[in-house]
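# Overview (structure and organization)
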Amino acid sequence: RPRGPAAVYDYSRPQPPIDQPTGQSRCSKLPRQPAGRHLAALGRWTNEVVDLPHYAIHAALLPTGKVMFFGYEWTQNLIIQDPGPKALTSSAATLWDPRKGAGAASLTSVPPPSADLDGDGIPERIPLYCAGQTILPDGRLLVVGGTLDLDWALHGYTAPPGLKIVLVFDPRTQTWARMPDMSVARWYPTVVKIADGRTLVLGGFDAGKPTNLTHTLEAISPNAQTIAHAASGDRETWTYPGLLLMPDGNVLLEGPRAQDTGLLDTGSMIWRPIAPLPETRGGENLVPLPSATGASSKAMVVGGADFQAKADAQGTIPALRSTLVFDDGNPAAGWRAGAPQTTGRNWPNTVLLPDGSMVTVGGGTAIDQADGPYASIPADRHVELWDPRTRRWRRGPAQRETRAYHSVALLLPDGRVWSAGDDANPNRDGDTAELYEPPYLFRGPRPAIVAAPKRVAPRRRFTVVVRGAAPTRVTMLAPSAVTHARDMNQRFVELRIARAVRRGTTTRLTVVGPRSLAVAPPGPWMLFAVTARGAVSVARWTKVG
């Protein structure tokens, strides 16, 4: 958000470097962490802090094991005023390599390409923040839309207009490529990958007037070379609608407005109505509930706040503790109450974990007049842990920084969780990343996957060789692609072990692939081995499809 007058930036001059951290941590002191036997139940935040060169408004785990994060470039006044007719910011993108620690050597700048977006003859870095993103079947990162004009109110719009632009990032060459444009511009769109490898795009504000909300459903081919308008699926939604591929191949629509619900038949591209949400839930998470049976038909809504509700006398709308569960196997049941969290959270990030648990990181306490969606938890930054056995949440350890609006969190291949973002709390002069070690890292010796196939197929058997602690489970997780409380790629699949042979310290497992491509859409996945005590291996990458 702008703080004071906007600076004028001359794009004809060389752009300043964006991949150099300050060298001094901007993080607060680490709160007291669990120790001893409590680690196996709660986990802990580490002392490691990564000083980021710009805000992590978006983040995605790439199949190289590196984290791509992008947002707008930091300036003292947050907004860079483009000399053209629209207010643009210079976008920035960086790769963080967990294998290189937390120093400057772990960060590589990969700035987005440039284009003349405002017609003044001067190209700008494409402002791809506030876009949608997912991982394509071939492992490239797909980014759709972005932010066209930050002075939208001055130019007669009811909300920021978006971009038609589609970009892909190749993690192997570390280069960007521009693909064919969408038919409509989008700011705050959501994407969802379906069983045939296509990516559906829905929602967002376009550049039209007066309402700006786009009604258009588009389908991007698996290689992102073509985009088709799926007119039968057109419908109005609010920005960043919740979209989730269900095991039967339908796509669930959830929120953020109460009336933004439905099931999309991905064959006919026709919506089927389902019950509305009990209330509007902006800034909520939609996650597939992990299941020990291989494919859960249930999805959970976590947190959010009803931005259409009447504020209290202080101008505050509190965040919601409650959760909702929808069962695609019984859609007539509608949205049922799930176990509540210990704290109401707005704009958190709920991360699926390889043992079938989940962790909710960050989130604000409310929407208020002073800070809007940035209203935060000033001194209580604990995580929430979901236990798949009890199906209840419990309070976990607190992190250093407040991570509310514009924050991200994702699972790393080594089992840790990376948390970053929030461009207002508590510092406005940059961003940091923190690392959480979940409980399964403290449950005895970790198994080690020493052999696994580079590609797996639905229902086909394959072999996984594990050394060290004997595994009793094999799970598979799709890497995250997260922004604005929407993870548009993460999924969890429990795989069936058909046979296990133990010889000495080595276990040879015969594992059955996922039930279908609707359960595990095409693309890169992480394989994990889990012991009876709940210890989890480092992931081995494979591809489905």
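Refer to the structure printed above.
What you see is a predicted model; the values in this text were computed from it and never measured. Along every chain, residues carry numbers that run from 1 in the direction the sequence is written. Owing to the predicted nature of the model, reporting of local features is limited to residues with pLDDT of at least 70; listing and counting of side-chain atom pairs is limited to 80 or more, with chain, interface and lining totals taken over all residues. Side-chain numbers here rest on the full set of heavy atoms in the structure, without hydrogens or water.

## Here we look at the overall build of the protein chain
A run of H or I in DSSP becomes a helix once it reaches four residues, and a run of E becomes a strand once it reaches two; helices and strands are each numbered from the N terminus. Each helix and strand counted, the protein chain has one helix and 44 strands in total. In this scheme, a residue with accessible area under 20% of its type's maximum is buried, one over 50% is exposed, and one in between is partly exposed, where area comes from a 1.4 Å probe on protein chains only. The buried share of the protein chain, taken over its 545 residues, is 62%. A separation of at least 24 residues holds for 61% of the contacts in the protein chain among residues at least 6 apart in sequence. For the protein chain, the accessible area works out to roughly 19700 Å², and carbon and sulfur atoms hold 52% of it. The contact criterion used is simple: two residues touch if any of their non-hydrogen atoms lie within 4.5 Å. For the accessible areas, the method is Shrake-Rupley and the probe is 1.4 Å, while residue cover comes only from the protein chains on display.

## Looking at the environment of Trp386
Summarising the element assignment, Trp386 is placed in strand S30 (residues 382–387). Owing to a relative accessible area of 2%, Trp386 belongs among the buried residues under this scheme. For the pair Trp386 and Leu353, spaced 33 residues apart in the sequence, the C-alpha separation amounts to 9.9 Å. Sequence-distant contacts of Trp386, defined by excluding residues within four places in its chain, comprise Leu289, Pro290, Met300, Gly356, Ser357, Met358, Arg391, Arg392 and Trp393.

## Structural notes on the packing of aromatic side chains
Any two rings among Phe, Tyr and Trp, with Trp reduced to its six-membered ring, count as a pair given centres within 6.5 Å; such a pair is stacked if its planes are under 30 degrees apart, edge-to-face if over 60, and tilted if neither. Per the counting criterion, the structure on display carries 13 aromatic pairs. Centre to centre, the rings of Trp347 and Tyr405 are 4.8 Å apart; their planes meet at 70°, and the pair counts as edge-to-face. With a gap of 58 residues between them, Trp347 in the loop between strand S26 (335–338) and strand S27 (349–352) and Tyr405 in the loop between strand S31 (392–398) and strand S32 (407–411) connect regions that are remote in the sequence. With respect to class, Trp347 is no different from Tyr405; both count as buried.

## Observations concerning the nonpolar core
As a rule of thumb, soluble globular proteins bury nonpolar side chains together. Each nonpolar core is a collection of buried residues, namely Ala, Val, Leu, Ile, Met, Phe, Trp, Tyr and Cys, held together in the definition by side-chain atoms within 4.5 Å. Within the largest apolar cluster, 49 residues are counted, with the highest numbers of intra-cluster contacts made by Trp96, Met300, Val359 and Trp418. Broken down by element, the residue count for this core peaks at four residues, all from S32. Discounting chain neighbours no more than four positions away, the residues touching Met300 are Asn285, Leu286, Val287, Leu289, Thr323, Leu324, Val325, Met358, Trp386 and Trp393. Counting residues in hydrophobic clusters, the runner-up holds 26 residues, among them Tyr55, Ile57, Tyr405 and Met488.

## Quick look at the side chain of Ser106
Within the secondary structure layout, Ser106 lies in the loop between strand S6 (91–96) and strand S7 (107–109). Distance and chemistry together define a polar contact, namely a pair of N or O atoms within 3.5 Å, with one atom able to donate a hydrogen and the other to accept it when in protein, and with adjacent residues in sequence counting only for side-chain atoms on both sides. Separated by 3.3 Å, the side chains of Ser106 and Trp96 make a polar contact. A polar contact is formed between the side chain of Ser106 and the backbone oxygen of Gly101, at a distance of 3.5 Å. With near-sequence residues (within four places) excluded, Ser106 lies in contact with Leu95, Trp96, Asp97, Lys100 and Gly101.

## Brief notes about the sheet that holds strand S34 (residues 431–437)
DSSP-based pairing: two strands are paired if at least 2 bridges between them are found. Taken in spatial order, the four strands of this open sheet run S2-S34-S33-S32, and their pairing is antiparallel. Each edge of the open sheet carries a strand with a single partner, namely strand S2 (44–52) and S32. Strand-to-strand twist of the sheet, defined as the mean angle between neighbouring strand axes without regard to direction, takes the value 20°. As defined by bridge partners, S2 adjoins S34 across six bridges and the pair is classed as antiparallel. Each axis is a line fitted through C-alpha atoms, and for a helix only the stretch in contact is used; angles between axes span 0 to 180 degrees, taken between their N-to-C directions.

## Some remarks on the pairing of strand S41 (residues 491–503)
Here strand S38 (residues 471–478) runs beside S41; their pairing, made up of five bridges, is antiparallel. Bridge pairing links Val474 to Leu495 in S41. Where S41 meets strand S42 (residues 506–512), seven bridges bridge the pair, whose relative direction is antiparallel. Of the residues in S42, the one forming a bridge with Arg496 is Val512. Between the antiparallel neighbours S41 and S42 lie two residues, among them Gly504 with a positive phi of about 65°.

## A short note on the pattern of salt bridges
When a carboxyl oxygen of Asp or Glu is within 4 Å of a side-chain nitrogen of Lys or Arg, the pair counts as a salt bridge. Under the criterion given, the structure shown has 20 salt bridges. The closest approach of N and O atoms between Glu218 and Arg186, which form a salt bridge, is 2.9 Å. Residue Glu218 is located in strand S16 (residues 218–220), and its partner Arg186 is located in the loop between strand S13 (175–179) and strand S14 (190–193); the two are separated by 32 residues in the primary sequence. Look at Glu218 and you get buried, because its relative accessible area is 2%. We classify Arg186 as buried; its relative accessible area is 0%. Among the ionic contacts, a cluster of salt bridges with common partners joins Arg400, Arg403, Asp431 and Glu434.

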